[in-house]
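Okay, here's what each chain looks like letter by letter:
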Amino acid sequence: METFEWGWLIVLYLFFGGVGAGAYFVSGLAIYLGDGNTYRTIARWGAYLAPFPIIVGSGILIFDLFRPWNFYRLFLTIQPTSPMSIGSWILMAFSGASVINALLWIPADTQERFFSQKRLKRWKGHFEWLWAPKTQERLRRAFGVLGFPLSVAVALYTGILLGAIPARPFWNTPMLAQLFLFSGISTGTAAVIVLTSFTRKHALTGDQDAKLLYTMDILLICLEILIIVPFLLHAYLATASIKDSLHLILGGPYTLLFWGVVVLGGLLIPLLVEIYEIYPMLFKKHMHHSRALEVASGILVLVGGLTLRYVFVFGGQVSSFDPKVAILGLGMP
Amino acid sequence: MRQTNGQAKKRYAMVVELKKCFNCKGCVVACRAENQVPLPISRNWIEESGLRGRYPFLGMTFEPAACNHCEDPPCERVCPTGATYRSPDGIVLVDNRKCIGCKYCILACPYDARSVNHRDRVIEKCTFCLHRLPDGRDPACVETCMGHARHFGDILDPNSEVARLVAQKDPFVKKKEAGTKPSFYYVY
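Keep in mind it's a predicted model, so treat the numbers as computed, not measured. (Residues numbered from 1 in each chain as written. Chains lettered and ligands numbered in written order. Predicted model: local features only at pLDDT ≥ 70, side-chain atom pairs only at ≥ 80, totals over all residues. Heavy atoms only, no water.)

Engineer: What is the right way to read the layout of surface pockets from this model?
Structural biologist: Left-over empty space is what a probe sized like a water molecule reveals as it rolls over the atoms. Residues and elements named next belong to chain A. In this structure, the second largest pocket spans a volume of roughly 370 Å³. Along the wall of the second largest pocket there are 21 residues; nearest its centre are Leu61, Ile62, Leu74, Ser88 and Leu91. Of all the secondary structure elements, the ones that give two or more residues to the lining of the second largest pocket are helix 1 (8–33), helix 3 (51–64), helix 4 (83–104) and helix 7 (133–163). No other element matches helix 4, which puts five residues into the lining of the second largest pocket. (1 Å grid on protein atoms, 1.4 Å probe; cavity = no way out; pocket = protein on both sides within 12 Å on 5 of 7 lines; lining within 4 Å. Points joined across faces, edges and corners; volume = space filled by probe spheres on them. Helix = DSSP H or I, 4+ residues; strand = E, 2+ residues; numbered from the N terminus.)

Shown next, in the form of structure tokens:
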């Protein structure tokens, strides 16, 4: 291709989709594992965060269409062979659920105060059941667990969207969906790490929260590495067009971004930082406390996730069945 | 929309005789004029094979190309609104009332046969000059072809020129490995 049909906006959208999905996933996991007192901060901030990237991302997506007035057509049909069609419906379900989930985490007294306004007073009776502590907790748990399938579906679909196109060999591997899934959930976790690092005061619960977040992020980073290795192997051992597309990140224009920013800066360094912070917990009750390291590792993961999407969205469009194009290595935008 | 083999009455196809194409680009100009395609995009183009052989025995072929009107079009597969469809006689078309302009089809096409028309805000692609077919006229590129390299017709009709050419010569299609089953054949 001579031009890049999908540009920065799609990169941002795929990134935001992953962050939103990850935040919802972490929030759900926290309330699922928590016993009512533990992990509350994660569950709350994850739930607050989740809808925003998704809504911004969906807005970007519609803005990027060049016939945006027709976008409602997405929701008049289901095209089973189109990842974008399935994805739109998943995205809609996710947006709805994540907004409701975020609203459920608004403290009961704030909700009560809201409905005590003069104009809304007559509605108060209809909503009172909602902030009964037991109901609210049950709803939070239900929506938290509902987040698992929804967020996995959103994060997975962002990868399938690209991977489903045989014409772009750099994308067309079964590993891409998993890579985007783990990377998406990982960036969401990182966003929650950054967000909650400012709310943590308490040493004990704070350490528990941090342990959950770090354990998850370390796990996800390892999974990402475990996908990148077979991705490279598979591509190297595959047909000529796929093998040639690998040149994009092995000597081609995206080499430095991929190895320097994505792999080293976005995976290996945060992995080491997070392990350094958490390893004292093996022997003691506390971990290394450093807000700077926490925020730094979180931001590195986020930057790495964004760059990963950049490399794949732009690099994939250069790759083609016709190996000549990839060898010539049309430059970056 | 898509019909299985046997049910379809017609399947329009294009056959290009490569030895008769001398790269005059008349088809490219005719298409632009007929369909009012704005620069810099084009619905069809000519690919050059590059020099072959060894002096003094040199050769070069020109391969006119456009939408291949595949039997299994990847663009139709990925279209999220069903705007891209395959007509009963095998022409891949875009229904602009349904198109949202996501450009997924452009990326999915192995032949890079689609492009964005920014003037009319539509996806531009070859239609086999659909508007001329009811009058029994050939597409503009075929009509204008000076070397008579291009042939157009119903490949399911054994008496048609395209069916005859495909049966008698040794046709090939572009990027067969993409599994798209094109209706755009090349013969020498």
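That covers the picture; the talk isn't over yet.
Engineer: Would you mind going over the sheet that holds strand 11 (residues 184–187) of chain B with me for this structure?
Structural biologist: Strand pairing within a sheet occurs via backbone hydrogen bonds; the two strands may be parallel or antiparallel. All names here are of chain B. The three strands are arranged 10-1-11 in an open sheet whose pairing can be described as mixed. Single-partner strands in this sheet number two, and they are strand 10 (150–154) and strand 11. Going from strand to strand, the sheet's axes swing by 25° on average, the running direction of each strand aside. In terms of strand pairing, strand 1 (residues 12–17) meets strand 11 through four bridges, oriented parallel. If you follow Val15 over to strand 11, its bridge partner there is Tyr185. Its contacts with the sheet put helix 5 (residues 161–168) on strand 1, strand 10 and strand 11, and the angle it makes with strand 10 is roughly 110°. (Pairing = 2+ DSSP bridges. Axes fitted to C-alpha atoms, helices over the stretch in contact; angles between N-to-C directions. Contact = heavy atoms within 4.5 Å.)

Engineer: Please clarify how the side chain of Glu63(B) should be interpreted in this entry.
Structural biologist: All names here are of chain B. With respect to the helices and strands, Glu63 occurs in strand 5 (residues 62–65). Looking at Glu63, the relative accessible area reads 16%, which means it is buried. Beyond its immediate chain neighbours, meaning those up to four positions away, Glu63 contacts Leu18, Trp45, Ile46, Glu47, Phe172, Lys174 and Tyr186. (Buried < 20%, exposed > 50% of the residue type's maximum accessible area, 1.4 Å probe, protein only.)

Engineer: It is not clear to me how the confidence of the model for chain A should be interpreted in this structure. Could you clarify?
Structural biologist: Chain-level statistics for chain A give a pLDDT mean of 86 and a share of 94% at 70 or above. Under a pLDDT of 50 for its full length, residues 325–333 of chain A has, in the predicted model, 23 contacts with residues more than four places off or in other chains. (pLDDT = per-residue confidence, 0-100.)

Engineer: Before we go on, may I ask you to explain the interface of chain A and chain B in this structure?
Structural biologist: The parts lose accessible area when they come together, and the size of an interface is often stated as this lost area. Taken together, the contact pairs 33 residues of chain A with 29 residues of chain B. Carbon and sulfur atoms make up 62% of the area that chain A and chain B hide from each other, which totals about 2700 Å². There are one salt bridge connecting chain A and chain B. The residue Arg168(A) makes a salt bridge to Asp112(B) at a minimum N-O spacing of 2.8 Å. Grouping the amino acids of the side of chain A that touches chain B by side-chain chemistry returns 19 nonpolar, eight polar and six charged. (Buried area = accessible area lost by both parts, 1.4 Å probe. Salt bridge = Lys/Arg side-chain N within 4 Å of Asp/Glu carboxyl O. Nonpolar A, V, L, I, M, F, W, Y, C, P; charged D, E, K, R; others polar.)

Engineer: Help me understand helix 1 (residues 26–35) of chain B, please; the structure alone is not making it clear to me.
Structural biologist: Structurally, the α-helix is built with 3.6 residues per turn, so residues lying three or four positions apart point the same way. All names here are of chain B. Along helix 1, the positions that sit buried rather than exposed are Cys27, Val28, Ala30, Cys31 and Asn35. Mapping the buried residues of helix 1 onto a view down its axis gives an arc of 165°, with all of them on the same face. As for helix 1, its buried residues are in contact with strand 2 (45–48), helix 4 (140–144) and strand 10. Of the residues one or two after helix 1, Gln36 is the one with positive phi, at around 55°. (Arc of directions from axis to C-beta.)

Engineer: Explain the pattern of salt bridges to me, please; I cannot follow it from the model alone.
Structural biologist: All names here are of chain B. Enumeration over the complete set of coordinates arrives at 15 salt bridges over all chains. One salt bridge connects Glu71 with Arg11, and the closest N-O pair in it is separated by 3.4 Å. Residue Glu71 is found in the loop between strand 5 and helix 2 (74–78), and its partner Arg11 is found in the segment before strand 1; the two are separated by 60 residues along the sequence. Residue Glu71 is classed as buried on the basis of its relative accessible area of 17%. Classification of Arg11 by relative accessible area gives buried; the value is 13%. Its salt-bridge partner being Lys174, residue Glu63 comes within 3.0 Å of it at the nearest N-O pair. Of this pair, Glu63 sits in strand 5 while Lys174 sits in the loop between helix 5 and strand 11, and the two are 111 residues apart along the sequence.

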